[in-house]
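Each chain, letter by letter, is given below.
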Amino acid sequence: MLEKLFSGPKSYYVWLLFLLCVIAGCGLVYLDQLQSGLGITGMNREVSWGLYISQFTYFVGVAASAVMLVLPAYFHHYKKFKRMIIFGEFMAVAAVVMCALFIVVDLGQPQRMLNVMLHPTPNSVMFYDMIVLIGYLCLNIVIGWVTLEAERLDVEPPKWVKPLIYLSILWAFSIHTVTAFLYAGIPGRHYWLTAIMAARFLSSAFCSGPAILLLLLFLVRRLTGFDPGKDAVKTLSTIIVYAMCVNVFFYLLELFTAFYSQIPGHMEPMLFLFSGHGGHLAWVSYWMWAAVIMAFASLAILIPPQWRTGPLLPLALIMLVAASWIDKGLGLLIGGFTPNMFEAFTPYMPTAKEIAVALGVYAVGALVLSLLWKIALGVKREAHHFSD
């Protein structure tokens, strides 16, 4: 199937060249980071996790969201998802690759990764996070490739694949649960010290991940004519709206618990995120209020069935993804570190170089996704899953 990578329109090669140029340019910035250290980022002694770790957290959720296609297709035999399920699995592969790269750039020196493998510490949550991510990456590569090959040959997948598929469903829940434990297990950070952190992570993943997948499939349909299926889109959009409702509900629970109890440690991070400190509005506050507006606006469109299946669906999905990214990709880290354990406020803002390195990782993920989806689309074209 690799031969399908070398055939395509001119725009396909232009896109790959563009991604390679972005990777090369941002790679030069990363070389500067290797030389100068993490001082080129906005992180400091008080804020030891920044943009890199927040993006790692977000894309673990994107990777886990593939289960929203696999579970209905194989547990409930919902065959409408069979046409698009390979795209979800390959998106999970690209997302885990990005997660790994964000960890690498956050470590400062890549060789520090060897410490986790050469000196394993079973009492460390990071050790288990590495295990579940590597395991999930391998599962999706094997399952995706074998099932796609079976589809190309128009035969049933080998029987040994089905147990791996069931295992991947459980594994998907584990990767984001373990990631949540990285946060919830730190007692000095009140914003993260909540028993429903894992539940919040999963609910946000199960709405934002499928939303990204649908948006990408809409783009692919416009560019190539591939049809994911009207019923499949309708069902997946329904799953998205339920997950988003749960996600918003969980955040409202956090607000109630913090402000009804009047515990300062729980209130102050939320007050800082939404209203700043000392009369000064933090830069992240504008983003957080934008997330609130977009979250409720997306629900206003997604909840009514006639709007959810209409032309406003892509707009609603874009607002949902933006709202979830702001919450998990900005607010989670900044709220967790501000104020610190000594009630001091140390502002954090990503630097231009930090953003450039993150964009380079995004470009690598987009390249992996483009190549994998190019193979999948080639097989789908042979199977006549195109509208033209």
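All values reported here derive from a predicted model rather than from experimental measurement. (Residues numbered from 1 in each chain as written. Predicted model: local features only at pLDDT ≥ 70, side-chain atom pairs only at ≥ 80, totals over all residues. Heavy atoms only, no water.)

**A look at the domain arrangement of the chain**
Part 1 of the argument: Taken domain by domain, the chain consists of domain 1 (10-40) and domain 2 (41-346).
Part 2 of the argument: Centre-to-centre separation of domain 1 and domain 2, based on C-alpha positions: 24 Å.
Part 3 of the argument: Counting from both sides, the interface comprises six residues of domain 1 and, opposite them, 10 residues of domain 2.
Part 4 of the argument: Between domain 1 and domain 2, a total of about 620 Å² is buried, with carbon and sulfur atoms accounting for 47% of that surface. (Domains from an automatic or database assignment. Contact = heavy atoms within 4.5 Å. Buried area = accessible area lost by both parts, 1.4 Å probe.)

**As for unusual backbone geometry**
Part 1 of the argument: With omega at -5°, the peptide bond leading from Thr 338 into Pro 339 counts as cis.
Part 2 of the argument: Inspection of the secondary structure puts Pro 339 in the loop between α13 (313-337) and α14 (352-382).
Part 3 of the argument: Positive phi, normally seen in glycine, also occurs at His 77, with a value near 55°.
Part 4 of the argument: Secondary-structure assignment places His 77 in the loop between α3 (67-75) and α4 (85-106). (Helix = DSSP H or I, 4+ residues; strand = E, 2+ residues; numbered from the N terminus.)

**Remarks on the pattern of salt bridges**
Part 1 of the argument: Counted according to the given criterion, the structure contains six salt bridges.
Part 2 of the argument: Glu 254 is the partner of Arg 200 in a salt bridge, and the nearest nitrogen-oxygen pair spans 3.7 Å. Linking Arg 200 in helix α8 (residues 197-224) with Glu 254 in helix α9 (residues 230-261), this pair joins segments that are 54 residues apart in sequence. The residues Arg 200 and Glu 254 share a single accessibility class, namely buried.
Part 3 of the argument: Shared partners join several salt bridges into a network, and the residues in it are Arg 200, Glu 254 and Asp 327. (Salt bridge = Lys/Arg side-chain N within 4 Å of Asp/Glu carboxyl O. Buried < 20%, exposed > 50% of the residue type's maximum accessible area, 1.4 Å probe, protein only.)

**Description of the packing of helix α6 (residues 125-153) against α14**
Part 1 of the argument: At a minimum axis distance of 9 Å, the contact between α6 and α14 shows a crossing angle of 25°. Classified by the angle between their axes, α6 and α14 sit roughly parallel to one another. The hand of the α6/α14 crossing is left-handed. For the pair formed by α6 and α14, the contact residues are Trp 145, Leu 148, Glu 151 and Arg 152 on the first element and Ile 375, Ala 376, Val 379, Lys 380 and Glu 382 on the second.
Part 2 of the argument: Split by residue class, the contact of α6 with α14 holds five nonpolar, no polar and four charged. (Axes fitted to C-alpha atoms, helices over the stretch in contact; angles between N-to-C directions. Parallel < 35°, antiparallel > 145°, perpendicular 65-115°, else oblique. Left-handed = near helix turned anticlockwise from the far one by under 90°. Nonpolar A, V, L, I, M, F, W, Y, C, P; charged D, E, K, R; others polar.)

**A short note on α13**
Part 1 of the argument: Across its 25 residues, α13 extends 35 Å between first and last C-alpha, which sits within 8% of the 36 Å expected from 1.5 Å per residue.
Part 2 of the argument: At Gly 331, α13 shows its strongest bend, of approximately 45°.
Part 3 of the argument: Among the 25 residues that make up α13, 20 are buried, leaving the element largely enclosed by the rest of the structure. (Expected span 1.5 Å × (residues − 1). Bend = angle between axes of the 7 residues up to and from the residue.)

**Overview of helix α10 (residues 264-275)**
Part 1 of the argument: Those residues of α10 lying buried are Gly 265, Met 267, Pro 269, Met 270, Phe 272, Leu 273 and Phe 274.
Part 2 of the argument: If you follow the buried residues of α10, they end up packed against α9, α11 (283-302) and α13.
Part 3 of the argument: Just past α10, the residue Gly 276 takes up positive phi, approximately 75°.

**Thoughts on the side chain of Asp 129**
Part 1 of the argument: Within the secondary structure, Asp 129 sits in helix α6.
Part 2 of the argument: Buried within the structure, Asp 129 lacks any salt-bridge partner; Lys 328 is the closest side chain of opposite charge, at an N-O distance of 12 Å.
Part 3 of the argument: Not counting the four nearest positions on each side in its chain, Asp 129 is found in contact with Phe 56, Ile 175, Val 178, Thr 179 and Leu 182. (Lys, Arg positive; Asp, Glu negative; His and termini not counted.)

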